[in-house]
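# Close look at the chain arrangement
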Amino acid sequence: MTRSPDSRPGAGPGTAAPTALRQRLAELRGPSVAPVPLDARALAALAANPGCHRRALLDGAGVDKAALARAVGAPVTFGQSQFAFVRGHSFEARVKSDGGAELVRLLHDRMADGSPAPGPDSVDTPDLSAAGLQGRTARTALALREATAAGRWAVLDHPLLALTVAGTPAYLEPDAIVVHPDGGWTVVEIKSFAMIDGSADAAKVGAAARQAAVYALALEAVAERVAEGAAAVREQALLVCPKDFSNLPAAALVDLRKPLATTRRQLERLTGVAEIAAGLPEGTTFDLCPSGDGRTPTRPAGELAEALDAVAAAYAPECLAACELAFHCRARARAADSVQTLGRGVRAELGGLTTVASVLAAAAGEAGSPDDPAVAALRRASALHAEALALASADEGALAGAGR
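Each value, and the rule that gives it
Residues numbered from 1 in each chain as written. Predicted model: local features only at pLDDT ≥ 70, side-chain atom pairs only at ≥ 80, totals over all residues. Heavy atoms only, no water. Helix = DSSP H or I, 4+ residues; strand = E, 2+ residues; numbered from the N terminus. Buried < 20%, exposed > 50% of the residue type's maximum accessible area, 1.4 Å probe, protein only. Pairing = 2+ DSSP bridges. Polar contact = N/O pair within 3.5 Å; in protein donor to acceptor, adjacent residues only side chain to side chain. Contact = heavy atoms within 4.5 Å. pLDDT = per-residue confidence, 0-100. Core = buried A, V, L, I, M, F, W, Y, C linked by side-chain atoms within 4.5 Å. Axes fitted to C-alpha atoms, helices over the stretch in contact; angles between N-to-C directions. Parallel < 35°, antiparallel > 145°, perpendicular 65-115°, else oblique. Left-handed = near helix turned anticlockwise from the far one by under 90°. 1 Å grid on protein atoms, 1.4 Å probe; cavity = no way out; pocket = protein on both sides within 12 Å on 5 of 7 lines; lining within 4 Å. Points joined across faces, edges and corners; volume = space filled by probe spheres on them. Nonpolar A, V, L, I, M, F, W, Y, C, P; charged D, E, K, R; others polar. Disulfide = S-S within 2.5 Å.

## Section: unusual backbone geometry
Phi at Ala112 is positive, roughly 45°, even though this residue is not glycine. Considering the arrangement of structural elements, one finds Ala112 in the loop between helix H6 (101-111) and strand S1 (123-124). A residue is classified by how much of its surface remains accessible, and Ala112, at 63% relative accessible area, is exposed. Of note, the phi angle at Asp244 is positive, near 50°, even though the residue is not glycine. Tracing the sequence through the fold places Asp244 in the loop between strand S8 (236-242) and strand S9 (249-255). Note on Asp244: relative accessible area 28%, which makes it partly exposed.

Structure follows, in structure tokens:
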């Protein structure tokens, strides 16, 4: 049997632990199941909820959360339609059809820094083809270094970047990266939603900025490693969208400073996947045991739900738009009477009160210490609520008497 380089006899020190972790993650998702790669969208959602060990472990192990949600009876109902997917690919192909010259022109126009406009044949498009994920990542780093040293415009089409998240590597593929003649690197996000009269939907732009921040974070590591101080990742990403209701490209610069700082901080807060996996009961696995067709799960839903319950989750209503297991986690949170169903803001204000029943009991004066700020605030709110109801009842009685 052919061994991997890390598992060969005589491998260097420090390889045993990573190899053991990879084996454990393979057991969690199923030894015959290929891992689902982490993308920037998933990482942005993970960074928005760093306290969720369940998502961190499943994403780190490459578990297909959508298939798992269907197997436990809580399928997702969100996602990009096939029409939007095809339209997005068609628009991206049109934007890049001239070898990146249009992207560079859009970026130069939005920068408006007085630098000379790019001329004909002034944009390089390095070949990024290589075998395997690690090969493509290394080829991207080499192309970035060569393009930076050349001092010319360059467009890297679908480069591959690596970012370590909770102790496991994630491979990310931005739409494009533009290298400036001065050595700057700009992340390019190409989206299919329209930019009407120079502006687009704020929520969609925010989501694109969070994804671009993930790419910029991975680029920073490349710049430190291969560019030797000659390159700098720009704090603005180029967002390219269809103009108005046409298929012509329009662009805007998106500030990445805040989402970049937030993403960096939240990813650093993530508990390591190895630590989460070590705390699981022996034999825990999320293997669906697919049948001969490779799609139909044969493992009982109850066993899968029990495996999920072994990993702590941090549900919030925002998960419904970002996580494939949100419906399952919401049902579990409701069954446990958890205040997580009320939202992160409310949950943070309630302190040690973790169930709706305990909140109601504290508000009624039946439980909780009056010295607890959360309990005191609840009782004050309950008193104001009762006072308002009494006043409304009195006013209603007065009006009824006047009517008679």
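## Here's the deal with the pairing of S9
Pairing between S8 and S9: 7 bridges, direction antiparallel. Pairing of Leu238 across the sheet is with Leu253, part of S9. With antiparallel pairing between neighbouring strands as the criterion, S8 and S9 make up a hairpin whose turn holds 6 residues, including Asp244 at a positive phi of roughly 50°.

## Let's talk about the side chain of Lys191
Position of Lys191 among the secondary structure elements: in the loop between strand S6 (184-190) and helix H8 (202-226). Here Lys191 falls in the buried class, since its relative accessible area comes to 15%. Of note is the side chain of Lys191, whose polar atom sits 3.2 Å from the side chain of Gln211. In contact with Lys191, not counting residues within four places along its chain, are Arg41, Phe91, Ala208, Gln211, Leu239, Val240, Cys241 and Pro242.

## Some thoughts on the confidence of the model for the protein
Across the protein, the average pLDDT comes to 86, with 92% of residues at 70 or higher. Across the protein, the element-wise mean pLDDT spans from 78 in helix H1 (residues 16-29) up to 96 in strand S5 (residues 176-179). Across residues 1-16, confidence stays below pLDDT 50; counting only partners more than four residues off in sequence or on other chains, it has 8 contacts.

## Considering the nonpolar core
Counting 82 residues, the largest nonpolar core has Leu43, Leu57, Leu68, Leu163, Val165, Trp185 and Phe286 as its most contacted members. Considering each element in turn, this core owes the most residues, 13 residues, to H8. The residues touching Phe286, leaving out its near neighbours within four places in the chain, are Leu28, Arg29, Leu57, Leu58, Val63, Leu68, Arg299, Leu304, Ala307, Leu308 and Val311. Val95, Val188, Leu238 and Val240 belong to the second largest nonpolar core, which has 17 residues in total.

## Concerning the environment of Gln211
Relative to the helices and strands, Gln211 is located in helix H8. With 158 residues separating them in the primary sequence, Gln211 and His53 have C-alpha atoms 21 Å apart. Every residue in contact with Gln211, bar those within four places of it in the chain, is listed here: Ala40, Arg41, Ala44, Glu189 and Lys191.

## What to know about the packing of helix H2 (residues 40-48) against helix H3 (residues 53-61)
Contact geometry for H2 and H3: axes closest at 10 Å, N-to-C directions at 155°. Classified by the angle between their axes, H2 and H3 sit roughly antiparallel to one another. As H2 runs across H3, the sense of the crossing is left-handed. Across the interface between the two elements, Ala42, Ala45 and Leu46 of H2 pack against Arg55, Ala56 and Asp59 of H3.

## Side note on the pairing of S8
Burial analysis of S8 places 6 of its 7 residues in the buried class, which makes it a mostly covered element. Of the pairings in the sheet, the one linking S6 to S8 comprises 3 bridges and is parallel in character. Across the sheet, residue Val188 finds its bridge partner in S8, namely Leu238.

## Points about empty space enclosed by the protein
All told, the structure shown has 1 cavity of 30 Å³ or more when counted by the stated rule. Quantified by volume, the largest cavity comes out at close to 30 Å³. As for the largest cavity, its lining consists of Leu38, Leu46, Ala56, Asp59, Gly60, Val165, Ala166, Thr168, Leu270 and Val273. The leading source of residues in the lining of the largest cavity is H3, at 3 residues. A class-by-class count of the residues in the lining of the largest cavity yields 7 nonpolar, 2 polar and 1 charged.

## As for H2
Counting buried residues along H2, 7 of its 9 residues qualify, which places the element largely inside the surrounding structure. On its buried face, H2 sits against H3, strand S3 (161-165), strand S4 (168-172), H8 and helix H9 (257-269).

## Some thoughts on the state of the cysteines
Inspection of every chain in the model, using the stated rule, returns 0 disulfides. Between Cys319, a free cysteine, and Cys323, which holds the nearest cysteine sulfur, the sulfur-to-sulfur gap is 6.1 Å.

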